[in-house]
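Okay, here's what each chain looks like letter by letter:
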Amino acid sequence: MYYLGIDIGSLSCDAVLIDEGKNVKASSVVPTGARNRESIALATEIVMSRAGITGRDVKATVSTGYGRDRVEEKIASVTEITCHAKGMQALRAGAEVLIDIGGQDSKCIHMSDKTAVVNFAMNDKCAAGTGRFLEAMARALQVDIGEMGGLDKGARGGVTISSMCTVFAESEVVSLIAEGTGVNEIVKGLNRSIAARTVSLVKRVIPDYQGRPVAMSGGVAKNDGVVRAIEEALGCSVFVPDMPDTVGAFGAALFALERSTQ
Amino acid sequence: MGRQTNESLGYGCAYTPLVMLRAAGYDPYRVLPLTDSHDQAGLHLHDNLCPHVKKILDRAMGNDLPVLAGMIFMNSCDAMRRLPDAWRKVREGDRTVLVDLPVIADESAVRFFAGELRRLAGVLGEWSGSPVSDDRVKECIQEHNRLADTLSGLASKVNAGAYKGGRNTLQKAYAVAATKPLPEAIRYAEDVLSSGLKEKLSGSLPAVFLFGNILPDTEAFALFEASGARIVDEDLCTGSRLIQPVRIEDGEDLYTGLSRAILGRISCARTFNHARPGEIAQTVVERARACDAKGVIFHTAKFCDPYLARLPSIRETLRKEGIPILVLEGDCTTRSIGQHRTRIEAFIEMLG
Amino acid sequence: MLINYFDDLEKGIVSSINDQGGKASPRKLYSLEIARLGKRLYSGSNKVAWCGVTAPFDLLHAMGLTSCFVEFIGAMLASTGMAGSIIEESDHAGYSSDACSYHRAIMGAAMKDLMPAPEILVGTTVPCSGGLAVIENLARHFDKPLFILHIPQGDSDSDVAYLASQMKDLTGFVTEHTGIALDRGRLKAVIEKTNEARGIVNEIFDLAKHCPSPANSKDLNNFLITMALFLGSDESVSLARAYREEFAQRLSENRSGVHDEKVRLLWIQNRIQFKNPLVDTLEKEYRAVIVSDELNSITWGPIDPDDPFEGLARRAISIPFNGVTQRRIDHLKQLARNYKIQGAINPCNWGCRQGTGTRGLVEAGLREVGVPVLNLEVDCVDERKFTEGQFRTRIEAFMEMIQTRPNPWQQH
């Protein structure tokens with residue numbers, strides 16, 4: 001039998017299918033459209049066809065993410081905070097600090113070895129330092145969001161972006177461009193400002209974070225430049241799994257397995 | 001002459017009774033919100049708290065401070081009231097004192113604040129190891145007034161003269177007065193007054209009255225000038241309100257007189273006259289008229305409730321008087337002023 | 001407009017009580033008192049004093065004034081769902097959207113003529129600079145005399161004497177501007193009522209401490225901060241008695257406020273004032289009950305009816321949001337111990353500098369006694385900013401976390 005985790009986020013809807021041995025059989029990431037149910041159906045369909053199974057082979061589904069209540073077949077819904085912790089603990093045993101930066105949320109979770117969430121904090125309601133923030137900055141820089149990860153190469157790092165408000169930061173970026181500042185310097189400045197905000201979130205959750213293993217999930221973890229800036233700011237290396245954007249769905253799948261076999 | 005400790009005491013608010021710190025043998029050092037330290041004060045406070053207070057805490061957390069023998073905090077507003085709470089957490093060993101500060105200046109408030117000043121004298125005496133004598137306080141008042149008068153002379157010259165870089169130079173003198181020992185500050189101000197301002201600005205730019213709270217960065221004033229704003233007078237807590245003279249009537253008890261002088265000084269929005277609610281709006285108009293300003297620029301640190309709350313009535317009063325106002329909110333970084341450049345230029349063009 | 005609202009509210013409650021054969025839950029009586037206060041404020045026939053939160057309402061009551069803190073209006077507008085449009089009015093006047101939305105709503109209400117003109121205003125320096133500024137603005141708006149009470153930060157004898165003398169001066173101010181003289185005998189009777197209600201309220205809180213608690217999350221919502229407005233009246237005493245009897249009865253019948261109570265929560269500062277599903281989510285899905293509020297705590301002693309000014313001053317100084325933050329944290333820790341709290345929710349009301357200004361320190365302090373804190377970045381007045389999904393996620397994740405933690409008060 002198989003177990004399905006679905007994470008309905010603000011930007012993407014992710015599905016992960018696992019077997020009884022917790023092995024990932026298939027995963028999918030589709031954009032969250034205006035209709036959640038359609039995105040859920042599409043993501044589910046993709047994983048099942050990739051795994052070559054039908055709905056009857058799925059023993060249990062757990063949903064997570066902003067639209068978690070929209071999944072009809074679920075046996076339970078669990079928040080993305082708990083699911084991310086669960087997923088990451090399975091991917092990286094012993095990780096204690098989890099930074100998750102998604103489309104419009106960023107969060108830091110303090111985990112213990114029993115996957116329990118010890119403490120967590122989320123960003124304030126605005127999009128500062130999240131995926132949407134980076135998208136807006138990419139637009140201002142007229143670069144592709146997918147390319148942004150490597151664009152800080154060779155930058156000396158003299159530029160600071162002081163505002164984390166998307167609107168103000170965008171106008172800062174525009175004025176830096178007007179002043180002739182290199183794109184790599186601006187990107188590095190943006191990465192460092194996200195890193196600074198992330199570190200303050202980490203410190204709020206775990207004041208003595210030094211020396212604890214750190215992992216990162218969420219779509220922004222695919223951006224090498226941001227990850228490097230966070231590593232520099234924290235003064236340690238950060239573990240990023242192969243598919244950082246499906247950690248929440250993976251955690252949900254693990255809950256589906258756990259709760260249906262209890 | 002009292003014992004000089006050669007040590008500094010930090011402070012963050014313009015209401016701090018500097019003469020008493022000096023009388024206790026200390027050099028007052030204003031912890032201005034100018035720093036490259038990381039933005040981390042939100043950890044203990046809140047991100048939506050006054051950036052002035054957060055930057056001061058950032059300096060404490062980032063160890064961006066000279067050696068200080070202690071910190072003097074004033075209970076001037078919500079943000080300033082929270083600063084000592086956080087300071088004690090991030091620098092546990094520091095000696096700190098919080099001085100309560102009434103918001104009005106009636107007789108009972110004057111008496112209470114005099115008591116607070118006496119309490120402060122006791123604390124400072126303990127810190128320095130020798131009691132603060134009345135005579136020494138009186139001497140310090142005279143020295144302080146010499147600095148205040150020199151700065152006010154310099155300000156008058158800058159206000160009247162439109163010297164090239166004048167506003168910038170004046171702000172430097174304020175910064176020296178805020179952070180350096182008194183003799184050095186007086187010398188600096190006197191030198192600038194006698195020789196520092198020569199080259200007059202050409203052309204006739206519209207006169208502007210600048211008011212608000214925290215704007216310590218000299219570069220900000222260079223930017224105002226570059227944007228064509230000819231500031232002919234200013235009312236800022238890091239500017240003309242910083243060092244105000246202390247005048248005590250003959251025969252009045254020292255601390256009562258000092259209390260009256262501090263509570264009665266040109267005030268920031270946190271202090272007001274309860275008999276004339278909303279007087280600040282009228283005061284802004286009068287100050288603007290007095291210096292023949294064609295427009296008013298209001299610059300405030302973000303999240304400053306005392307100013308933000310009074311802004312609508314200030315705006316309305318200026319509108320009735322036909323005086324345009326430009327409102328700028330900053331976060332105590334030069335960049336935030338840089339962001340305002342276009343708006344300042346457009347405002348000046350409008351006053352044209 | 002608001003007079004009709006309060007009038008309808010009163011009539012509705014009275015008729016529902018009559019339908020029940022005269023029986024009423026204490027919460028209903030509480031709402032009735034609010035409706036009646038609203039009517040007194042808006043009737044046009046009473047002398048009104050608009051005040052800061054820490055004003056001595058019983059003293060003003062003894063002088064025949066209907067007194068109320070202005071934030072009451074912000075909360076009422078929020079609970080009726082009207083705050084949003086009224087806040088817009090203050091935005092148009094250039095009132096900063098970074099300011100506290102209680103205060104923005106109050107200024108908007110004044111501009112829209114939704115606040116009755118007072119005889120006098122009494123500003124208080126505590127809890128906040130923003131609130132004090134609003135009172136000054138209102139004094140200008142209504143062109144009415146303003147009195148300021150400076151609540152000292154400390155509680156030394158001289159601090160207390162200073163505030164007591166200001167309160168005496170306040171009575172002179174009231175006489176000067178309303179012609180009403182202070183009747184010492186009436187003041188004594190009022191203070192005796194205050195003391196009586198104080199004693200009963202303490203008993204109510206003691207009953208609420210039981211595990212499981214006889215209180216549900218809504219019973220004592222906004223309770224003491226509103227009760228302060230009724231202190232000194234007969235109604236305050238009968239209202240307090242009703243609560244005491246109800247809680248005692250629930251206890252004697254082994255009825256808890258929430259069936260099968262599993263998690264005990266502490267609410268920091270004020271509640272979210274508009275209708276929202278968070279408390280229901282906590283109770284229904286997690287069996288979690290808000291058993292204590294930071295402001296539901298008697299921090300002062302009985303007041304001497306023959307010489308009340310010192311006691312009134314001590315009361316104002318003792319309110320936990322006055323003074324250094326450590327004092328506030330110590331008080332929260334004490335509540336956590338007394339009520340066996342497993343988690344605390346801190347609604348960081350947007351624009352509130354005094355209450356949320358030390359968010360990090362409060363969180364660290366409670367963590368020392370094993371109580372995690374959920375900081376909710378919420379606007380407690382402006383329902384337009386409430387995004388249910390985001391808040392649900394935070395609340396649910398917090399509860400998932402608490403369920404996996406050991407209860408800090410359980411003996412191992």
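Basis of the calculations
- Residues numbered from 1 in each chain as written.
- Chains lettered and ligands numbered in written order.
- Predicted model: local features only at pLDDT ≥ 70, side-chain atom pairs only at ≥ 80, totals over all residues.
- Helix = DSSP H or I, 4+ residues; strand = E, 2+ residues; numbered from the N terminus.
- Rg over C-alpha atoms; globule rule 2.2 N^0.38 Å.
- Buried ≥ 20, exposed ≤ 12 C-beta atoms within 10 Å, placed from the backbone.
- Contact = placed C-beta atoms within 7 Å.
- Nonpolar A, V, L, I, M, F, W, Y, C, P; charged D, E, K, R; others polar.
- Pairing = 2+ DSSP bridges.
- Right-handed = clockwise from strand over helix to strand, strands pointing away.
- Core = buried A, V, L, I, M, F, W, Y, C linked by C-beta atoms within 7 Å.
- Expected span 1.5 Å × (residues − 1).
- Axes fitted to C-alpha atoms, helices over the stretch in contact; angles between N-to-C directions.
- Parallel < 35°, antiparallel > 145°, perpendicular 65-115°, else oblique.
- Left-handed = near helix turned anticlockwise from the far one by under 90°.
- Domains from an automatic or database assignment.

Chemist: When you look at the overall build of chain C in this model, what are you seeing that I'm missing?
Modeler: Scanning chain C for helices and strands turns up 17 helices and eight strands. Computed over C-alpha atoms, the radius of gyration of chain C comes to 21 Å, within 12% of the 22 Å expected from 2.2 N^0.38 for 412 residues, which places it in the range of a compact globule. Dimensions of chain C along its principal axes, counting C-alpha atoms only, are 65 × 50 × 50 Å. Classification of the 412 residues of chain C by burial places 56% in the buried group. Put simply, 77% of the contacts in chain C that link residues at least 6 apart link residues at least 24 apart.

Chemist: Would you take a moment to explain the overall build of chain A for this structure?
Modeler: Along chain A, the regular secondary structure elements total seven helices and 10 strands. Since a compact globule built from 262 residues should have a radius of gyration of about 18 Å, the 19 Å found for chain A is in line with a globular shape. Dimensions along the principal axes, computed over C-alpha positions, put chain A at roughly 60 × 40 × 30 Å. Counting across all 262 residues of chain A, residues that qualify as buried make up 53%. The contacts of chain A with a sequence gap of at least 6 include a subset with a gap of at least 24, amounting to 68%.

Chemist: Before we go on, may I ask you to explain the interface of chain C and chain A in this structure?
Modeler: Interfaces are often described in size by the accessible area the parts lose on coming together. Opposite the 12 residues of chain C that make contact, chain A presents 14 residues. For the side of chain C that touches chain A, the leading source of residues is helix α17 (residues 388-404) of chain C, giving nine residues. Residues belonging to the side of chain C that touches chain A are distributed by class as follows: three nonpolar, five polar and four charged.

Chemist: What's the story with the pairing of strand β8 (residues 325-330) of chain B in this structure? I'm lost.
Modeler: Residues and elements named next belong to chain B. Where strand β7 (residues 295-301) meets β8, six bridges bridge the pair, whose relative direction is parallel. Residue pairing across strands places His 299 opposite Leu 328, the latter belonging to β8. Following the chain from β7 across helix α11 (residues 305-321) to the adjacent parallel β8, one finds a crossover that is right-handed.

Chemist: Is there a simple way to explain the interface of chain C and chain B in this structure?
Modeler: Facing 41 residues of chain C, the contacting portion of chain B comprises 38 residues. Elements supplying a minimum of two residues to the side of chain C that touches chain B: α7 (129-142), β4 (146-149), α8 (157-178), α14 (325-339), α15 (353-356) and α16 (359-367) of chain C. The element that contributes the greatest number of residues to the side of chain C that touches chain B is α7(C), accounting for nine residues. Its residues assigned to classes, the side of chain C that touches chain B shows 16 nonpolar, 19 polar and six charged.

Chemist: Sorry, what's going on with the nonpolar core here?
Modeler: For soluble globular proteins, the rule of thumb is that nonpolar side chains tend to be buried together. Formed by 334 residues in total, the largest nonpolar core has its most connected members in Ala253(A), Met20(B), Leu57(B), Leu151(B), Ala189(B), Ala105(C) and Leu265(C). Ranked by residues supplied to this core, first place goes to helix α5 (residues 183-205) of chain A with 10 residues. Setting aside chain neighbours within four positions, we find Leu265(C) in contact with Ala288(C), Val289(C), Ile290(C), Val291(C), Ile341(C), Gln342(C), Gly343(C), Ala344(C) and Ile345(C).

Chemist: Would you mind going over α16(C) with me for this structure?
Modeler: Along an α-helix, residues three or four positions apart point the same way, because every turn accommodates 3.6 residues. Of all nine residues in α16(C), seven are buried; the element is thus mostly enclosed. Where α16(C) is buried, its residues meet α5 of chain A, α3 (78-90) of chain B together with α14, β7 (343-347), α15 and β8 (373-376) of chain C.

Chemist: Honestly, helix α1 (residues 2-19) of chain C in this entry has me stumped. Any pointers?
Modeler: Taking 1.5 Å per residue as the helical rise, α1(C) with its 18 residues ought to reach 26 Å, and the 25 Å between its terminal C-alpha atoms agrees with that figure. Two residues or fewer past α1(C), Gly21(C) is found with a positive phi of approximately 70 degrees.

Chemist: What's the story with the packing of helix α2 (residues 26-42) of chain C against helix α11 (residues 234-252) of chain C in this structure? I'm lost.
Modeler: Packed helices, taken two at a time, are described by the angle their axes make and the gap between the axes. Residues and elements named next belong to chain C. Where α2 contacts α11, the axes come no closer than 9 Å and their chain directions differ by 160 degrees. Taken as axis vectors, α2 and α11 run roughly antiparallel relative to one another. Judged by the sense of rotation from one axis to the other, the crossing of α2 with α11 is left-handed. Of the residues in α11, those touching α2 at Pro 26, Leu 29, Tyr 30 and Glu 33 are Glu 235, Leu 239, Ala 242, Tyr 243 and Glu 246.

Chemist: Looking at this model, I keep getting lost on the sheet that holds strand β4 (residues 96-100) of chain B. Mind explaining?
Modeler: Sheet strands pair via backbone hydrogen bonds, and the direction of the pair is either parallel or antiparallel. All names here are of chain B. Across the sheet, which stays open at both edges, the four strands sit in the order β2-β1-β3-β4 with parallel pairing between neighbours. Two strands bound the open sheet, and with one partner strand each, they are β2 (26-30) and β4. Between one strand axis and the next, the sheet turns by 30 degrees as a mean value, whatever way the strands run. Looking at chain direction, strand β1 (residues 7-11) and β2 are connected through five bridges and run parallel. When the sheet's bridge partners are listed, Leu 9 is paired in β2 with Pro 28.

Chemist: Where do I start with the domain arrangement of chain A in this structure?
Modeler: All names here are of chain A. What the domain assignment lists for chain A is domain 1 (2-86 + 246-261) and domain 2 (94-240). Relative placement of domain 1 and domain 2: their C-alpha centres are 26 Å apart. With nine residues of domain 1 at the interface, the matching set in domain 2 holds 14 residues. If you tally residues by element for the side of domain 1 that touches domain 2, the top one is helix α2 (residues 80-91), at five residues.

Chemist: I tried to follow unusual backbone geometry on my own but got confused; where do I start?
Modeler: A negative phi holds for most residues other than glycine; trans holds for most peptide bonds. Here Val126(C) and Pro127(C) are connected by a cis peptide whose omega angle stands at 10 degrees. Looking at where Pro127(C) falls in the secondary structure, it is placed in the loop between β3 (120-124) and α7. The omega angle of the peptide bond from Cys211(C) to Pro212(C) is -10 degrees, so this bond is cis rather than trans. Although it is not a glycine, Lys22(A) sits at a positive phi angle of roughly 65 degrees. Along the chain, Lys22(A) turns up in the loop between β2 (12-19) and β3 (24-31). A positive phi angle is found at Asp143(C), which is not glycine, with a value near 55 degrees. Looking at the element boundaries, Asp143(C) is found in the loop between α7 and β4. Judged by the 9 C-beta atoms lying within 10 Å of it, Asp143(C) falls in the exposed class.

Chemist: Would you take a moment to explain the environment of Arg359(C) for this structure?
Modeler: With respect to the helices, strands and loops of the structure, Arg359(C) is situated in helix α16. Overall, Arg359(C) belongs to the buried group, with 25 C-beta atoms counted inside 10 Å. Sequence separation of Arg359(C) and Val373(C) is 14 residues, and the distance between their C-alpha atoms is 9.7 Å. If near-sequence neighbours (up to four positions away) are discounted, Arg359(C) is found in contact with Leu45(B), His46(B), Asn346(C), Cys348(C) and Asn375(C).

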